[in-house]
Structures are given as C-alpha cells and as structure tokens.
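These are the residues of each chain, in order.
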Amino acid sequence: MRVNKKYSCLPAEEKGIHIINIRAIEDIGYDQHESTLLNSLSKNPDADCKYGLYFRDGKRKVDYILVYHYKKSSAGRTLARRPQQNDASVRSSRQDQPLPGKGVQLEMGDPEPHMDYHEDDKRFRREEYEGNLVEAGLELERDEDTKIHGIGFVKIHAPWNVLCREAEFLKLKMPTKKMYQINQTHGLLKKINSVIQKITEPIQPKVAEHKPQTVKRLSYPFSREKQHLFDLSDKDSFFDSKTRSTIVYEILKRTTCTKAKYSMGITSLLANGVYSAAYPLHDGDYEGENVEPNDRKLLCEEWASYGVFYKYQPIDLVRKYFGEKIGLYFAWLGVYTQMLIPASIVGIIVFLYGCATVDENIPSMEMCDQRNNITMCPLCDKTCSYWKMSSACATARASHLFDNPATVFFSVFMALWAATFMEHWKRKQMRLNYRWDLTGFEEEEEAVKDHPRAEYEAKVLEKSLRKEHKHKETDKEKLTWKDRFPAYLTNFVGIIFMVGLTFAIVFGVIIYRISTAAALAISSTPSGRSSVRVTVTATAVIINLVVIIILDEVYGCIARWLTQIEVPKTDKNFEERLIFKAFLLKFVNAYTPIFYVAFFKGRFVGRPGDYVYIFHSFRMEECAPGGCLMELCIQLSIIMLGKQLIQNNLFEIGIPKMKKFIRYLKLKRRRSLDHEEHMKKKQRYEVDYNLEPFAGLTPEYMEMIIQFGFVTLFVASFPLAPLFALLNNIIEIRLDAKKFVTELRRPVAVRAKDIGIWYNILRGIGKLAVIINAFVISFTSDFIPRLVYLYMYSENGTMHGFVNHTLSSFNVSDFQAGTAPNDPLDLGYEVQICRYKDYREPPWSENKYDISKDFWAVLAARLAFVIVFQNLVMFMSEFVDWIIPDIPKDISQQIHKEKVLMVEVFMREEQGKLQMLETWKDKDKRKGENCNNHSPRLSRSRSGSLSSCHSYPLDV
C-alpha cells in the first residue's frame, strides 16, 4: 500500500517507532455542549441503530468492534488526521477521508495541541490499518463521542460480497436447499424413545434448537459459483452473528498495517497497544423490562440460571451463540456430570456397606476392646509415653468405612467407568460433529491454525534484520532449535525448580506434623492425646490446601511465561505447550501431599531403638495402627472439597465481581459532570467493553481435569469423591454459563471437532488410575494383610487374632540412650514389652528385630495383587473400548446418506447442464439450416448477418 510522502519516518534503529511529520496533523475536536439542544429536539439516533448493534444508518449490522485509547487536549479535542485537498499522494480516496461517525473538524485558526509522538505513531498505524480493512471490503464507522472518555470505537461491518468470498475461502459448510429425512427408530425402540421423551420433558430446556429434528438440510462448503444450491431466501440470517464475527476476525488477523516482512495483524496491534481491545458484540441485553428477544436472553433464562440446574443444557444454542469450541466444552462437561451419577450411587452404596458392617468388623472390635490391654510404644522420643491401643478405637472404626472388601470392587468399577466415560464421550462427540456439520473438518482446520503467531513473526523479523545488518544474503528465515535453546533451557530449569519447590513445601509440612505431634503429646490431657493424630492431620492438610491454591495461581502465570519465551509458531502449538506445562505443574502441586501419605508415610520409620531421623532431631512419623488409609481419606477430601469451594467457586464468583466493581469505580471517576451525558443510555459496544475479556478455556478444562484425577486416582480411599464432584459440577455448569453470558465479552467463535489435547490427558489419567488404585489397595490399606492372615495364619478361618499378628514386640530395655520416655509410669504400671506395627522377630528370638518371614509373605501377596489387578482391569478397560464403536451406527448411516445425496445433487446439476447444452445445439442446427435456406442472390454486404445467425449468448 502506498503511504503519503509527508508522513516521514525515522530509521528503525531510533527507538523502533515511526514519528509522523507534525505539519500533517491537524486538531479535530467536537464541542458536545453546543449540540445538546439540537440533540434533545431531534430524533434519538441511538434508537435507530438499536443502541450500537447497527451502524448509524440503522441497516448495516455491527460485526466486530475495535477499541483504542486517544488523548484529548485541554480544549477537549482529539487528534485526528485532517484531509488535505492538495494531497499529491496516490492513496485511495476512501483513506483520505475520515471514517464516518461522530466528530466534526475545527476551523483553521484553532490552536494545535501538544504532540505525543507515541500516540501519533499509534494513530498513524490505526489509520493505515483501517484503510487496508476498507480496501479488503469491510465497512467501518468511528465513534469517539461515548460515555467512556478517552476511548474510541471502530465499528466493522462485512457486506454480503465479503461474507461470500471469505466463506468460500474458509470452506464454511452452509445449509443448501436440499432437505432429507433423518432415519427414525421403529418398533419397540420407537416406543421406548417416546416414553423417555415424555418422562424427560420437564427437564428439557424450552429452546427450539433442542427439540428433536426429523429433517435436516444438506450442508456443503460455500461456493460463490454454486449459490443457487444454497438456501438464500433470507440473506440477512444466512450468515449468523457467530459466523460473521469469525469471518471478520480472519480478515483482521491477515490484514497488515505496514509493508514489513511479516504480517502485523490485529494480534500484533493489540500487543503493541495500538488497539486496546477487539471483540464481537453480544446480541443485546439479557435482563430488563423492554428487552427484545435474543439468543443471549434465551441462554440466560434457560441455561445460565441456577433455577434450571436440573435441566439439560441447550448445547445447540450454546454452539450457535459461542461457537463449536465452547459448545464442545460444555457438552463434555455435561456428559462428565451425567456419568458421575452412577459412580456417585455406587460410591454411596460402598460407603453405606462400610457403615453397616463396622460393628461386625473383628479387627476394629479387637482394637477397641480394652480387655486386650495392648501397650503401644511411644510415638516420639522422651516426651511421648506409652499408650493403649484402645485409645485409637475411633480411628480404627472410621478406617473400616473406607477400607473394606467393597473398596476393591469399587476400584474395579471406577476403572471400567473411566473407560466407559471416554467411549461415551467419543460417541457423543461424533453425534455433535454430524449435527454441527463438522464431518471432514481436518483439512480446513489445519489451514486456519497454521497461520503464524505475531510474536513468532516478530522474532523472525528481528533475526532477519540482524543478518541484514551483517550484510548477509539470507532466504526466508525461521526459528531453529538454536534460536530457542535458551528458552528450552529456561523451561527445563524453571520446571525442575517449581517441582523442587513443591517437594520442599511438602517436606516442610512433614516437619510441622512431626513437631506439632510431639508438642501436643506433651501438653495435651489424656483425652486430648487420643485426638492428636486427627488434629495434626487436619491442620497439616489445611496448610497444604492454602499452599496448593496459592501455587496454582503462581504456576499458571509461570507456565504462560515459559510458553511465551519459547515463541511457538502457531496458536495450536502455543495452546498445547501451555496446557502441558500448566497441567504438569498443577498436577504435581495438587497430588504431591496425597502421594506422600499414600505411599511414603510410615514406610521408612525404622523400629523402636533404631528409628530414622531427619536432621538428627525429628523422627519420621508413623501410620496409625489401622493404617494410613484414613489419613489419606482426610487429606483427599479436604483438598478436593477445599479446591472446589474456594478456588473453583468463590474465586470464579468473587474475582469477576470485584474486577467489575473496580472498573465501575474507575469509570465513575472519569465520567462527565453533564447530567444528560450521565443519563444517556450506553451503546452496546460500550457495555461490552466494560465486561471481562475472554481468557480461553484452559482454566475451565484444567479444574475439571484435576477433579477427574481426584475422582479416579485415589478413589479406593474415598468412595464419596464422585458424589462431591457431581454436586460441584451441577453448580459449576451454571456458574460457567452465567460467566460466559453475563460477565465476559463475547468470544470469537472457533471451529473445532474435538476437545483436543485434553482427551489424551484424560486417557492418561484413566490408565494411571488403574496402577495407583492397585498400589493403594495393596500397600496403603490392610486388605492384603487380612487376606494373607485369613488364608495362611488363621486357626479357625476368622479374623480373630489379626491385630496381634500385625504387631511386633519390643523390649523397653533396648531403647537407645536418651530416647526412652521421661515418664515410663504414665499408664500407672511399669512396661516391660511394648508393641509396634511391623513384621519383625520378637526380642526373645535369636535374630531379634529382624524382618520376619511373614513380611515377605505379605509383600509377595501385595506384588501379586498389583500385577493381577492391573492386568485384569486394563484388559477389561480395553475390552470395553473395543466392544463400544466410536461412531454410532445411525450416525454412520446418516453421514453415508449425506454423501450419496450430495453426489445425486451434483449429478442432477450436471445432467441439467448437458440437457441444456443439447437443447442449445439443436437450436443452433435449426438456425443454421434456416440461414442456409436463404436465397444465394444475397449480396456479400449481408454476409455479416449470416454470421449473426450463429452468434447468440450462451449463459450456462
């Protein structure tokens, strides 16, 4: 594009900005106070344009909004370029004139304001960019006379010819005139479906798009040459608002504002502050008395309301308004929530089974029986004394609620549930792809997503400028691994440091648990000592929860920064790398404390007289006599519920409300004192500007993926996890819906046929859950030791004597110097032998305190269980995956039917063309014969008329 010569620029080396010649800039202002009376007497123009939804003419719809900041002089005038009559440049006449909209020019005698070169450079870039948009076929209108002072808006409209051109370029599938009947079920299935529809009618949303359809329009990629195939009866609604904004956004991305070597589209302009925001408009208001019906209002009533939590989601309307990518997220969230219902029911049954059999559990009864008089060894050195096993009765009984034979069944069930959920989602996804005309989408998806990011192109330009400075001839540059090596090294070191930080915090909490347990053992009363373990566990988990919530936010920012310095080429690569880093850091952050309790606590304690110490001062903590499963349950439940209540719900509700309130206070301070200006109704684009910008779906997916891990990874220790996840998700769906409809600017619709990398992460978690649950059942719970005792050591085939079998004996005279209790008579009698939980030889044995053969028998059984459980459940999961087809049979038939119908349509069209050509050939022959039958005495001067018999237009 040719730029006016009088806009001279400094060399790129000087500060890297363009300085506009001051002589070319005139001050243009608008005195609002002088026009107040005229505005009050004239018709309100805002009503004609539906308060910002249309241009000032009330006919052209606003498809996109660009927002920019501008500075006013002391007289309230804005900087704008004034058209010069003697401009000798060869620019388009459309660029020489200011954009239509509010604002008038000042007289020549008006004083010029002080110039800000940075602002001038931004203004010049905006003018050039907007001129290029006009050349691309878009229609623009500017509005700087708004209630938000210092903010200007550029309204963009895409006319019909531009929409057609871009729809063909993007290969958008649009509905044709051809309609066909969708295959319906017959016989018994039809009756069952009708019964189900009647039963579920009260929970169906009152939305036209949600009603079952019997006919469907055949869709085909739009082509301007084949417009006669498409249903163009209503051109205004042929391209809906979602499609129009997508088309405009694609033009904004590829339109450049300079003649540089790389594309400086809207993303670069936003990053450099030339524009402050860019967004499509919402359809209108969602609340109020005289609000016209629109999709946003309908979504608010039938979807984004807590009063309709029991209803299905209107997914088709969500897709129509927000696009396929957001529609797929909410569809996936709905399927996940539905699948949690059977998992919650089974989890409740397992928990109730534990409650019903707790009084029949022989091991817990033996632990609670005070007549057994089992004296346990001290839990810490010096300050702790001997204690009775019966004091841990409550913990033992509570452990049975989660550590019982039904837990194994529930672990197998949840592994199969995860496989079934993934298969069910794949089938649901295929149904949505068929309904939303996304079949065969891969090619166009890659074409759109391979567009380089602005940051990548800026790095490439910087690299090429460096090479040009060295006088080297170079081809088209690209970033190699050598260019990215510092970023890769930073990523590696940063992730290792963050993981190490998480481990260090968990280690600090371990020190807190050990020291606090010792302190409470000294100061507590005898009744308080029995609850020391629960108190220490609960407080430590709360500390872990607070740290996890804080580090989650920190790790999210660090993951984004680490991804940005890598400079990925495309948006797809950027998103996938960001997701991987964020998931890795947040997974380690959320699950490290749980892994410690499940697999490391109590494993490296040592034995009385030979304990393992940290820093030669703190003795490693032990598990309770009933095992660590109860502590694992407490840890898991508090972290899971705390994250859901505090992080997912309170943060999602509180933080947007707080940001909105802060923005309201800032705008209130900047508002004019003019009462009429204050009372004027805001334009649609002004209202949407005050909303929070859309930040992507990564945070929404991430919290659900972490929750999916809580539900599947350690479900053997907490069968109620699916129930709490279900209750959370019922609120989460409506909370996210309300946020998208009322709190966020309308996002640009993005086409997608699946949930992307998140599906692979879900599959990975499902596979990992099988392994972890096998180890939890085998090593954390007492399920395997009980089986070994029952079938190898029990004398009468019952569990009587199991507790005594798991305890080893220790002679108190073998304590190391300085580690024996200070008050050995705390129980009222002298203790000679104390017991501790382990499989070791007794002190009267030849190899006293050595590991006994019982330990090796139990270990062999545990490892055998892990191998059998893992392979059996994996095989069953793969069998479920194999037996359930990915594509439903009826959808496969409908897709095949669409292809056949499309071939028939084109065959008929070709046959029609051939018949038309044959008809024209016959007419041509007849006319030729008629011309040959004329008299030969015709003069040569009329020979031209003979040829005219054969020359007539053919319009195919």
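What you see is a predicted model, and the numbers here were worked out from it, not measured in a lab. (Residues numbered from 1 in each chain as written. Predicted model: local features only at pLDDT ≥ 70, side-chain atom pairs only at ≥ 80, totals over all residues. Heavy atoms only, no water.)

### Concerning the overall build of the protein chain
- Looking only at helices and strands, one finds 32 helices and 16 strands in the protein chain.
- The 956 residues of the protein chain split such that 49% are buried.
- Counting contacts in the protein chain only where the partners sit at least 6 residues apart, residues at least 24 apart contribute 81% of the total.
- Carbon and sulfur atoms make up 59% of the accessible area of the protein chain, which totals about 48500 Å². (Helix = DSSP H or I, 4+ residues; strand = E, 2+ residues; numbered from the N terminus. Buried < 20%, exposed > 50% of the residue type's maximum accessible area, 1.4 Å probe, protein only. Contact = heavy atoms within 4.5 Å. Areas by Shrake-Rupley, 256 points an atom, 1.4 Å probe, with all protein chains shown as cover.)

### Details of the sheet that holds strand 8 (residues 277–279)
- Sheet architecture is open: four strands sit in the order 4-5-2-8, paired in antiparallel fashion. Strands at the two margins of the open sheet, each flanked by one partner only, are strand 4 (139–143) and strand 8. Adjacent strand axes in the sheet meet at a mean angle of 20 degrees when their direction is disregarded.
- Relative to strand 8, strand 2 (residues 64–69) is paired through three bridges, and the arrangement is antiparallel. Its bridge partner being in strand 8, Val67 is matched across the sheet by Ala277.
- Each of strand 2, strand 4 and strand 5 (151–157) is contacted by helix 4 (residues 117–135), which is oriented at about 165 degrees to strand 2, the strand it contacts most.
- Across the face of the sheet, helix 8 (residues 241–254) comes into contact with strand 2 and strand 5 while running at roughly 50 degrees to strand 2. (Pairing = 2+ DSSP bridges. Axes fitted to C-alpha atoms, helices over the stretch in contact; angles between N-to-C directions.)

### Considerations on the confidence of the model for the protein chain
- Across the protein chain, pLDDT averages 79, with 81% of residues at or above 70.
- When mean pLDDT is compared element by element in the protein chain, helix 12 (residues 324–357) scores highest at 93, while strand 1 (residues 26–29) scores lowest at 35.
- Note on residues 1–42: pLDDT under 50 across the span, and 82 contacts to partners over four residues away in sequence or across chains.
- Residue range residues 935–956 is modelled with pLDDT below 50. Its contacts to residues more than four positions away, or to other chains, number eleven contacts. (pLDDT = per-residue confidence, 0-100.)

### Quick word on the nonpolar core
- Core analysis: the largest hydrophobic core is formed by 117 residues, its most contacted members being Trp332, Tyr336, Trp417 and Phe714.
- If near-sequence neighbours (up to four positions away) are discounted, Trp417 is found in contact with Tyr336, Met339, Leu340, Ala343, Phe708, Val711 and Thr712.
- Among the nonpolar cores identified, the runner-up in size contains 46 residues, and Tyr129, Val154, Tyr434 and Ile891 belong to it. (Core = buried A, V, L, I, M, F, W, Y, C linked by side-chain atoms within 4.5 Å.)

### Observations regarding unusual backbone geometry
- Its identity as a non-glycine residue notwithstanding, Lys171 has a phi of 60 degrees, on the positive side.
- For Lys171, the location among the structural elements is in the loop between helix 5 (160–170) and strand 6 (173–181).
- For Lys171, a relative accessible area of 43% translates into the label partly exposed.
- Here Asp437, not a glycine, exhibits a phi torsion of approximately 60 degrees, which is positive.
- As for its position among the elements, Asp437 is in the loop between helix 15 (405–435) and helix 16 (442–449).

### Quick word on the state of the cysteines
- Enumeration over the complete set of coordinates arrives at two disulfides.
- The partner cysteine of Cys377 in its disulfide is Cys834, sulfur to sulfur 1.9 Å. Between Cys377 and Cys834, the S-S torsion sits near 85 degrees, and that sign places the bridge as right-handed. Of the two residues, Cys377 sits in the loop between strand 9 (375–376) and strand 10 (387–388) while Cys834 sits in strand 16 (residues 833–837), which places them 457 residues apart along the sequence. (Disulfide = S-S within 2.5 Å.)

### Structural notes on helix 20 (residues 532–566)
- With 35 residues, helix 20 extends 49 Å from end C-alpha to end C-alpha; this agrees with the ideal 51 Å at 1.5 Å per step.
- One or two positions beyond helix 20, positive phi appears at Val567, with a value near 55 degrees. (Expected span 1.5 Å × (residues − 1).)

### Let's talk about the packing of helix 5 against helix 8
- Running from amino to carboxyl end, helix 5 crosses helix 8 at an angle of 80 degrees, the nearest separation of the two axes being 10 Å. When the interaxial angle is binned, helix 5 and helix 8 end up roughly perpendicular. For the pair helix 5 and helix 8, contact is made by Val162, Leu163, Arg165, Glu166, Ala167, Phe169 and Leu170 and by Arg244, Ile247, Glu250, Ile251 and Arg254, respectively.
- Here the residues of the contact of helix 5 with helix 8 sort into seven nonpolar, no polar and five charged. (Parallel < 35°, antiparallel > 145°, perpendicular 65-115°, else oblique. Nonpolar A, V, L, I, M, F, W, Y, C, P; charged D, E, K, R; others polar.)

### Some details on a nonpolar patch on the surface
- On the surface, Trp481, Phe485, Tyr488, Leu489, Phe492, Val493 and Ile496 cluster together into a nonpolar patch covering about 760 Å² of accessible area.
- Positionally, Phe492 belongs in helix 18 (residues 481–523). (Patch = residues over 30% accessible without salt bridge, like charges linked within 9 Å, V, L, I, M, F, W, Y side chains within 5 Å. Salt bridge = Lys/Arg side-chain N within 4 Å of Asp/Glu carboxyl O.)

### Observations concerning the pairing of strand 5
- Here strand 5 lies mainly inside the structure; seven of its seven residues are buried.
- Neither face of strand 5 is left uncovered, since the one carrying Ile151, Phe153, Lys155 and His157 and the one carrying Gly152, Val154 and Ile156 both have all their residues buried.
- Pairing between strand 2 and strand 5: six bridges, direction antiparallel. Following the sheet pairing, Ile65 is matched in strand 5 by Lys155.
- Inspection of the sheet shows strand 4 paired to strand 5 by five bridges, in the antiparallel sense. Pairing of Glu139 across the sheet is with His157, part of strand 5.

### So, the packing of aromatic side chains
- Counted by the stated rule, this structure contains 50 aromatic pairs.
- Here the aromatic rings of Tyr336 and Phe421 are separated by 5.6 Å at their centres, their planes lie at 45 degrees, and the arrangement is tilted. Of this pair, Tyr336 sits in helix 12 while Phe421 sits in helix 15, and the two are 85 residues apart along the sequence. The exposure classification of Tyr336 matches that of Phe421, with both residues buried. (Phe/Tyr/Trp six-rings, centres within 6.5 Å; stacked < 30°, edge-to-face > 60°.)

### Observations regarding the side chain of Arg745
- Of note, Arg745 is situated in the loop between helix 26 (721–743) and helix 27 (757–780).
- Comment: no salt bridge for buried Arg745; closest opposite-charge side chain is Glu692, at 7.7 Å.
- At 3.4 Å, the side chain of Arg745 and the backbone oxygen of Leu691 are in polar contact.
- Non-local contacts of Arg745, meaning those with residues more than four positions away in its chain, are made with Ala277, Tyr279, His282, Asp688, Tyr689, Leu691, Glu692, Pro693 and Phe694. (Lys, Arg positive; Asp, Glu negative; His and termini not counted. Polar contact = N/O pair within 3.5 Å; in protein donor to acceptor, adjacent residues only side chain to side chain.)

### Topic: the side chain of Asp403
- Mapped onto the fold, Asp403 is located in the loop between helix 14 (393–402) and helix 15.
- A polar contact is formed between the side chain of Asp403 and the backbone nitrogen of Asp782, at a distance of 3.2 Å.
- With near-sequence residues (within four places) excluded, Asp403 lies in contact with Leu629, Ser781, Asp782, Phe783 and Arg786.

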